[in-house]
Amino acid sequence: MSNRVCEALGIEYPIIQGAMAWTSMAPLVAAVSEAGGLGVLGSGFMPKEIIMGQAEAVRSMTSKPFAANLFLDPGEQLEIGVSAIIEGRIPVAYIDSLELLNLEMAQKYYDRLHEAGVKVIAKVNYLEDAIVAEEAGADLIIAKGIEGGGHCTKIGGRILLAECVENLKKTPIVASGGIATPRQAAAATVAGADGIEMGTAFMAAVECPIHENCKTAVVNAKDRDIVACGASTGEPSWQIRNKLADRLFEIEATHVREEAAELVRKEAIGSMKLASLEGEVEENGAVMGGQVSGLIHAIRPAKELIVDFCKEWQEWLKKSYSLF
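It should be emphasised that the depicted structure is a prediction, and the values quoted were computed from it without experimental measurement.

What counts, and where the lines are drawn
Here the residue numbers are simple positions, counted from 1 along each chain's written sequence. At least 70 in pLDDT is required for a residue's local features to be given in this predicted model, at least 80 for side-chain atom pairs to be given and counted, and no such filter applies to totals for whole chains, interfaces and linings, which use all residues. As a rule here, side-chain values come from all non-hydrogen atoms in the structure, and water together with hydrogens is ignored. Helix and strand definitions here come from DSSP, where helices need a minimum of 4 consecutive H or I residues and strands a minimum of 2 consecutive E residues; each element is numbered from the N-terminal end. All radius of gyration figures rest on C-alpha atoms, and the globule criterion is 2.2 Å times the number of residues raised to 0.38. Three exposure classes are used, based on accessible area relative to the maximum for each residue type with a 1.4 Å probe and protein chains only: buried under 20%, partly exposed in between, and exposed over 50%. We define the nonpolar core as a collection of buried residues of types Ala, Val, Leu, Ile, Met, Phe, Trp, Tyr and Cys that are connected through side-chain atoms lying within 4.5 Å of one another. Residue contacts follow a heavy-atom distance rule, with two residues in contact if any of their heavy atoms lie within 4.5 Å. Along the arc lie the directions from the helix axis toward the C-beta atoms. The salt bridge criterion pairs a side-chain nitrogen of Lys or Arg with a carboxyl oxygen of Asp or Glu, the two atoms within 4 Å. Centres within 6.5 Å are what make two rings of Phe, Tyr or Trp a pair, Trp counting through its six-membered ring; a difference in plane orientation under 30 degrees is then read as stacked, over 60 as edge-to-face, and the rest as tilted. As a reminder, the over-ring test applies to NZ of lysine and CZ of arginine, requiring each to be within 6 Å of the ring centre and within 35 degrees of the ring normal. Pairing between strands is defined by DSSP: at least two bridges between the two strands are required. By convention, a crossover is right-handed whenever its connection, traced from the first strand over the helix to the second and viewed with the strands pointing away, goes clockwise.

A.B. asks: Got a minute to help me understand the overall build of the protein in this structure?
C.D. replies: The number of helices and strands found in the protein is 14 helices and 10 strands. A globule of 324 residues ought to have a C-alpha radius of gyration of about 20 Å, and the protein, at 19 Å, matches this closely. For the protein, the spread of C-alpha atoms along the principal axes amounts to about 55 × 50 × 40 Å. Out of the 324 residues belonging to the protein, those deemed buried represent 53%.

In structure tokens form, the structure reads like this:
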């Protein structure tokens, strides 16, 4: 039986690599796509020339489909991302949203991308967004739960997946958030997902271009080490606890919300880049691994996280279980 995610995207295995700023760059994206999954450039805030340059770099390493991400929020960056994807001949647009989706706006940009031959993935945080994305014509919907790394969402992954499975009529659904093992992927399949997305797991991939200190931090982290920072800003993010995180907590504990938000932004600016590129993970850098870090125990080639992972995933689905 064919898989709906693979059919929709033209890939071999139903695994999507999450879009991560300063992390999912050309080397990782190409390795994931070449292994048969869908690599995704973390291009949401990149200048146009950088997006197109990264796309060319990916294309030089693989002929297989890959994606670039953008945010469906009004402004110059949205136009930059859409034009870069179309002009750069990127096969798939991976579209996040920071606010609730507007049907008219989603339809406008989905149609524009489809007319250029680009497949559209909608990454959603709420059932309402999933319904809008399906009506607007998304080719695939990723349902991200609160467990997922980076920006914290609000709905648990199992709940959001169940809501999407119960309410969507035709669009393939990908489970995202807190997945790093084949057994978890099998559970998501049983719950109705057509595929999975993993982000934090790929931070520990051999081909991931982040500093080795970041990879080691993910591998060594326990579940209780993952904390949500920046609540005062309205956009909290998961990260591995360190001295930077402790300073952010102290700011929020000793200032009113508006003052704290300004100070937190000032303290955290550039922290992800500092960790990812320079390996400063103790004092001032932010390693934005998700809660699933406690299930990641080794740095592995991307191919293992695609091919071997799917073989084990399939084995779990073959097992027979009974309540009686």
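A.B. asks: In this structure, what is going on with the nonpolar core? I would like to understand it.
C.D. replies: Soluble globular proteins tend to bury their nonpolar side chains together. Core analysis: the largest hydrophobic core is formed by 87 residues, its most contacted members being Ile15, Leu72, Tyr110, Ile196, Phe202 and Val287. The element best represented in this core is helix H14 (residues 302-318), accounting for eight residues. Here Ile15 is in contact with Gly37, Leu38, Ile196, Met198, Phe202, Leu305, Ile306, Phe309, Cys310 and Trp313, once residues within four sequence places are set aside. Counting residues in each nonpolar core, the second largest holds 15 residues, with Cys6, Val40, Ala67 and Ile121 among its members.

A.B. asks: Any chance you could explain the environment of Cys310 here in plain terms?
C.D. replies: Note on placement: Cys310 falls in helix H14. Considered as a pair, Cys310 and Lys119 are 191 residues apart in the sequence and their alpha carbons are 23 Å apart. Residues within four places of Cys310 in sequence aside, it is in contact with Tyr13, Pro14 and Ile15.

A.B. asks: I would appreciate a short explanation of unusual backbone geometry in the present structure.
C.D. replies: Trans is the common state for peptide bonds, and a negative phi is the common state for residues other than glycine. Although it is not a glycine, Trp22 sits at a positive phi angle of roughly 60°. With phi around 55°, Arg89 is a residue other than glycine that occupies positive phi space. When you line up the elements, Arg89 lands in the loop between helix H4 (76-87) and strand S4 (92-96).

A.B. asks: I'm lost on helix H8 (residues 182-190) in this one. Help?
C.D. replies: Spacing of three or four residues puts side chains on the same side of an α-helix, whose turn is 3.6 residues. Among all positions in H8, only Pro182, Ala185, Ala186 and Ala188 are buried. Burial along H8 is one-sided: seen end-on, the buried residues are contained in an arc of 160°. Along H8, exposed side chains directed more than 90 degrees from the buried face belong to Arg183 and Val190. Contacts from the buried residues of H8 go to helix H7 (157-167), strand S7 (173-176), strand S8 (195-198) and H14. Looking at the residues trailing H8, positive phi occurs at Gly192, about 120°.

A.B. asks: Would you explain the pattern of salt bridges in this entry?
C.D. replies: Close approach of charged atoms allows side chains with opposite charge to pair. Scanning the entire structure with this criterion turns up 13 salt bridges. Taking the shortest distance from any N to any O, the salt bridge between Arg59 and Glu56 comes out at 2.9 Å. Residue Arg59 and its partner Glu56 are located together in helix H3 (residues 48-61), separated by three residues, close to a single helical turn. In this structure, Glu304 and Arg300 form a salt bridge, with 3.2 Å as the shortest nitrogen-oxygen distance.

A.B. asks: Which parts of the structure should I look at to understand the environment of Asn242?
C.D. replies: With respect to the secondary-structure elements, Asn242 resides in the loop between strand S10 (237-240) and helix H11 (243-254). In sequence terms Asn242 and Thr254 are 12 residues apart; their C-alpha atoms lie 19 Å from each other.

A.B. asks: In this structure, what is going on with the packing of aromatic side chains? I would like to understand it.
C.D. replies: The geometry of two aromatic rings is summed up by the distance between their centres and the angle between their planes. All told, the structure shown has two aromatic pairs when counted by the stated rule. The aromatic ring of Trp316 is capped on one face by Lys319, whose charged end is 5.1 Å from the ring centroid.

A.B. asks: Just to check I follow, could you spell out the pairing of S7 for this structure?
C.D. replies: Two faces, one strand: in a regular strand the side chains alternate between the faces of the sheet. In S7, alternate side chains face the same way, and those of Ile173 and Ala175 on one face and Val174 and Ser176 on the other are all buried. As paired strands, strand S6 (residues 140-144) and S7 are joined by four bridges and run parallel to one another. Its bridge partner being in S7, Ala143 is matched across the sheet by Ala175. Remark: the S6/H7/S7 crossover connection has right-handed handedness. Sheet topology note: the S7/S8 ladder contains three bridges and is parallel. Opposite Ala175, over in S8, you have Ile196 as the bridge partner.

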